[in-house]
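Chain by chain, the residues run as shown.
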Amino acid sequence: TEYGYVLGVGLRSPGAKDDFVQSDSDNDGLWTAMYGAGQCYAFAATGDPKARERAIASFRALKFLGTVTQGGPNPAPPGFVARTVLPASAGDPNAQHYTPERDREFQAKRDGLWKIMSPRWPKSADGKWYWKADTSSDELDGHFFFYALYYDLVARTEAEKKEVREHVAGLAGHLVDHGFQFVDHDGKVTRWGVFNPEKLNHDRNWWEERGLNSLSILSYLKTASHITGEARFAEAARTLIEKHGYSQNA
C-alpha cells in the first residue's frame, strides 16, 4: 500500500533481492511502530531530514490504522486501531482463509479463548480497504512506544503535536471508556486486549499476562497523560495502582 507498512518479505529464489513477495501479518502495526521509533531516534541523534520524513510516514501509517476502522458496514468503536489493511482491489480476504469455520477449528484445537468473529476483515467506509480486526496487546505496545518518541523527538509544530494528541487521546480514551479493554467492531473484547483488574487479578485464564499487561496499561496511560495533559489518564493509572495492585503486578 502507499502507507509503506513494515514487514519481512519472502524471496522467490535465494539471494534474489529484487524478486520478492509481500504479505500481511497480525503485527504490521507493531513492526511499523518499531521501524518508526528507530527513525525518531535517528532524527534526534543526527538531525537527518530523511529520518524525520520516515518517522512522519510511520505516524501517518499508524494513524490510518485508527481512521480506517471508523464507519463502513462493521464500524469499530472510536479509538480502535486495526492490525493492518489490504487494498479491496486485491480481493476479499474473508472468503477463504478467515472464516468462522477456521476460527472454530482454531478454538477447538489450539486456543480455547480464541475469538470466533465475522468478518475478521471488515471493509472501510470508502470501500477501498479491508482492515484486520482482533487487534492484540503487542500491537498497542508498539503504537504507544512510537507515539511517545514521535511527540517528543520529531513533532515540531503545534499542528503536528495536536495531531498526535488527538490520536493518542482517542486510543487511550477507548481503553479507559471500555474498562481497560480493547473492544472490537463486534462489541466484544479482542482476544488479547485485556488489561482490566477483573481478568488480570481474578481470572485464572489471565494469570500469565498479569505482570506484563499491568505494566502495559500503566505505560499506555503514562504516555497518554504526558502527550495529552488530560488528567483522566493519570487518575486511571492511580486507580489501578492504588486499588488494584498494578504496581505489585508489574
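These numbers come from a predicted model, not from an experiment.

A. Structural view of the side chain of Asp-184. Its location among the elements puts Asp-184 in the loop between strand E5 (181–183) and strand E6 (189–194). The side chain of Asp-184 is buried and forms no salt bridge, while Lys-115, the nearest opposite charge, is found at 4.4 Å. At a separation of 2.6 Å, a polar atom in the side chain of Asp-184 contacts the main-chain amide nitrogen of Asp-134. If we skip the residues at most four places from it in the chain, Asp-184 touches Pro-77, Phe-80, Lys-115, Met-117, Trp-131, Ala-133, Asp-134, Thr-135 and Thr-190.

B. Highlighting the packing of helix H2 (residues 49–67) against helix H5 (residues 158–177). Remark: H2 packs on H5, axes separated minimally by 11 Å, with the N-to-C direction vectors making an angle of 35°. The element H2 and its partner H5 pack so that their crossing is left-handed. Residues Arg-52, Ile-56, Phe-59, Arg-60, Leu-62, Lys-63 and Gly-66 of H2 form the contact with H5, whose own contacting residues are Glu-160, Glu-163, Val-164 and His-167.

C. Structural context of the packing of helix H4 (residues 137–154) against helix H7 (residues 210–228). For the pair H4 and H7, interaxial distance at closest approach is 10 Å and the crossing angle is 30°. Here H7 runs roughly parallel to H4, going by the angle between their axes. In this structure, the crossing between H4 and H7 has a hand that is left-handed. Residue-level inspection shows Ser-137, Leu-140, Asp-141, Phe-144, Tyr-147, Ala-148, Tyr-151 and Asp-152 of H4 in contact with H7, the latter providing Asn-213, Ser-216, Tyr-220, Thr-223, His-226 and Ile-227. Of the residues belonging to the contact of H4 with H7, the class tally is 7 nonpolar, 5 polar and 2 charged.

D. The nonpolar core, seen in detail. In this structure, Tyr-150 and Ile-217 are the most contacted members of the largest nonpolar core, which totals 54 residues. Taken together, the elements giving at least two residues each to this core come down to helix H1 (28–46), H2, strand E4 (129–131), H4, H5, H7 and helix H8 (231–244). Here Ile-217 is in contact with Leu-175, Phe-180, Phe-195, Leu-240 and Tyr-246, once residues within four sequence places are set aside.

E. Summary view of the environment of Thr-46. Secondary-structure assignment places Thr-46 in helix H1. When the C-alpha positions of Thr-46 and Trp-114 are compared, they lie 45 Å apart, and in sequence the two are 68 residues distant.

F. Structural detail: the side chain of Asn-27. With respect to the element layout, Asn-27 can be found in the loop between strand E2 (20–21) and H1. Only 3.3 Å separates the side chain of Asn-27 from the side chain of Asp-138, close enough to count as a polar contact. With residues up to four places along the chain from it excluded, the contact list for Asn-27 reads Arg-83, Ser-136, Asp-138 and Glu-139.

G. Region of the structure containing H7. Taking 1.5 Å per residue, 19 residues should reach 27 Å; H7 reaches 27 Å between its end C-alpha atoms and fits that length. Among the structural elements, H4, H5, E6, helix H6 (197–200), H8 and helix H9 (246–249) are those in contact with the buried residues of H7. After H7 finishes, the residue Gly-229 shows a positive phi value of roughly 75°.

H. Inspection of a nonpolar patch on the surface at higher detail. Together, Trp-31, Met-34, Tyr-41, Phe-145 and Leu-153 line one region of the surface with nonpolar side chains, adding up to about 460 Å² of accessible area. Broken down by secondary-structure element, the contributors of at least two residues to the nonpolar patch are H1 and H4. With 3 residues, the single largest contributor to the nonpolar patch is H1. In this fold, Phe-145 is placed in helix H4.

I. Focus on unusual backbone geometry. For the bond from Ser-118 to Pro-119, the omega torsion is 0°, close enough to zero to count as cis. Positionally, Pro-119 belongs in the loop between helix H3 (100–109) and E4. Look at Asp-134: it is not a glycine, yet its phi comes out positive at around 60°. Along the chain, Asp-134 turns up in the loop between E4 and H4. With phi around 60°, Phe-180 is a residue other than glycine that occupies positive phi space. Looking at the element boundaries, Phe-180 is found in the loop between H5 and E5.

What counts, and at which threshold
Residues numbered from 1 in each chain as written. Predicted model: local features only at pLDDT ≥ 70, side-chain atom pairs only at ≥ 80, totals over all residues. Heavy atoms only, no water. Helix = DSSP H or I, 4+ residues; strand = E, 2+ residues; numbered from the N terminus. Buried < 20%, exposed > 50% of the residue type's maximum accessible area, 1.4 Å probe, protein only. Lys, Arg positive; Asp, Glu negative; His and termini not counted. Salt bridge = Lys/Arg side-chain N within 4 Å of Asp/Glu carboxyl O. Polar contact = N/O pair within 3.5 Å; in protein donor to acceptor, adjacent residues only side chain to side chain. Contact = heavy atoms within 4.5 Å. Axes fitted to C-alpha atoms, helices over the stretch in contact; angles between N-to-C directions. Left-handed = near helix turned anticlockwise from the far one by under 90°. Parallel < 35°, antiparallel > 145°, perpendicular 65-115°, else oblique. Nonpolar A, V, L, I, M, F, W, Y, C, P; charged D, E, K, R; others polar. Core = buried A, V, L, I, M, F, W, Y, C linked by side-chain atoms within 4.5 Å. Expected span 1.5 Å × (residues − 1). Patch = residues over 30% accessible without salt bridge, like charges linked within 9 Å, V, L, I, M, F, W, Y side chains within 5 Å. Areas by Shrake-Rupley, 256 points an atom, 1.4 Å probe, with all protein chains shown as cover.

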